[in-house]
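Topology and contacts: notes
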Amino acid sequence: MEKTPPVGFVALVGAGPGDPELITLKAVRHLARADVVLCDALANPALLAHCREDARVLDVGKLADGRHTPQEVTNRLLIEEARAGHYVVRLKGGDPFVFGRGGEEAIALTEARVPHEVVPGISSALAGPAAAHVPVTHRAIAQHVTIVTASSAFDVEGLADKWSLLAEAGGTLVFLMARKKLGLIQDRLLAAGVDPAMPCAMVQSATLPEEKIVHSRLAHIVDDVEAAGLGTPALLVLGQAVGLADSMTPILSTVAAAEAAPEAIHV
């Protein structure tokens with residue numbers, strides 16, 4: 001009788017927004033046990049220090065310049081490695097289920113009957129605004145937050161008639177991977193009726209030493225971001241809550257001040 005091949009295990013692990021200290025203890029535990037790690041482009045390589053020396057690391061990232069591993073290849077690798085009896089970690093930037101294709105991978109693993117677990121991570125959709133001292137919710141100003149990807153299979157153009165809904169929604173809007181589509185986002189929001197003076201901020205490399213932040217207004221955000229030389233990855237946060245940033249610049253101890261991110265640019 002043919003033997004049933006051993007089935008391993010897959011952990012879909014959120015690596016957090018970038019700072020290697022912003023990862024959960026549970027994620028570290030999974031990394032320490034892993035035989036194989038399938039690593040995202042946005043996961044900080046410093047996190048691999050938690051792995052065993054003999055762990056295999058496979059790069060399955062997707063980069064802004066077009067280099068990427070097709071999702072179906074990643075799904076297949078997860079299933080093949082688990083069926084070979086390996087303990088597999090899929091290390092994904094931010095949170096696996098916030099525009100991280102973790103849902104697609106979880107469905108593929110379920111259909112293949114591969115045991116797996118989802119380990120939540122801190123999403124840049126929340127960490128980025130926090131780095132800019134922006135509370136995405138505030139009971140007097142913003143009772144809800146809407147998260148949109150500016151880089152997806154449907155593209156920003158795919159929002160089509162939803163721009164008016166975004167404009168009417170109020171609250172706080174967060175656009176992930178927004179740098180290359182910033183001009184288009186600005187045009188669509190203005191055309192949909194968003195106040196040109198609406199406070200907004202763009203955050204590059206949130207929580208990392210190279211973090212850069214530009215505070216502006218919707219009508220001027222493109223020019224101000226260009227002048228500041230911001231690159232990718234970067235997110236845009238927009239709404240009245242962004243205007244609170246000037247009221248909550250933290251008072252740091254001497255030690256914390258030495259480790260603080262560069263001063264934000266306010267325009």
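Use the structure listed above.
Reference entry: report on the structure contained in this document. (Residues numbered from 1 in each chain as written. Predicted model: local features only at pLDDT ≥ 70, side-chain atom pairs only at ≥ 80, totals over all residues. Heavy atoms only, no water.)

**Describing the sheet that holds strand β3 (residues 56–59)**
The strands that make up a sheet pair up through hydrogen bonds in the backbone, lying either parallel or antiparallel. Here we have five strands laid out as an open sheet, ordered β3-β2-β4-β1-β5, and parallel in their pairing. Unpaired on one side and paired on the other, β3 and β5 (116–119) mark the two borders of the sheet. The sheet shows a mean angle of 15° between the axes of neighbouring strands, taken without regard to direction. Relative to strand β4 (residues 87–92), helix α2 (residues 71–83) is tilted by about 155°, and along the sheet it contacts β1 (9–14), β2 (36–39), β3 and β4. Contacting β1, β4 and β5, helix α3 (residues 102–111) crosses the sheet at an angle of about 170° to β1. (Pairing = 2+ DSSP bridges. Helix = DSSP H or I, 4+ residues; strand = E, 2+ residues; numbered from the N terminus. Axes fitted to C-alpha atoms, helices over the stretch in contact; angles between N-to-C directions. Contact = heavy atoms within 4.5 Å.)

**What about unusual backbone geometry?**
A cis amide bond links T232 to the next residue, P233, at an omega of -5°. Mapped onto the fold, P233 is located in the loop between α7 (221–228) and β10 (234–238). Here F99, not a glycine, exhibits a phi torsion of approximately 50°, which is positive. By the element assignment, F99 lies in the loop between β4 and α3.

**Examining the packing of helix α6 (residues 182–191) against α7**
Relative orientation of the contacting elements α6 and α7 amounts to 160°, with a least axis distance of 9 Å. Compared by their axis directions, α6 and α7 come out roughly antiparallel. Considering how the two elements wind past one another, α6 and α7 form a crossing that is right-handed. Taken together, the residues of α7 that come into contact with α6 (itself represented by L182, G183 and Q186) are I221, V222 and V225. Partitioning the contact of α6 with α7 into residue classes produces four nonpolar, two polar and no charged. (Parallel < 35°, antiparallel > 145°, perpendicular 65-115°, else oblique. Left-handed = near helix turned anticlockwise from the far one by under 90°. Nonpolar A, V, L, I, M, F, W, Y, C, P; charged D, E, K, R; others polar.)

**Things to note about the nonpolar core**
By size, the foremost hydrophobic cluster in this structure holds 23 residues, and its most contacted members are F175, I185, L189, M202, I221, L236 and L238. The contact partners of L236, leaving out residues within four places of it in the chain, are L173, V174, F175, A178, L182, I185, C200, A201, M202 and I221. Membership of the second largest hydrophobic core comes to 18 residues, among which are A11, I23, C39 and L91. (Core = buried A, V, L, I, M, F, W, Y, C linked by side-chain atoms within 4.5 Å. Buried < 20%, exposed > 50% of the residue type's maximum accessible area, 1.4 Å probe, protein only.)

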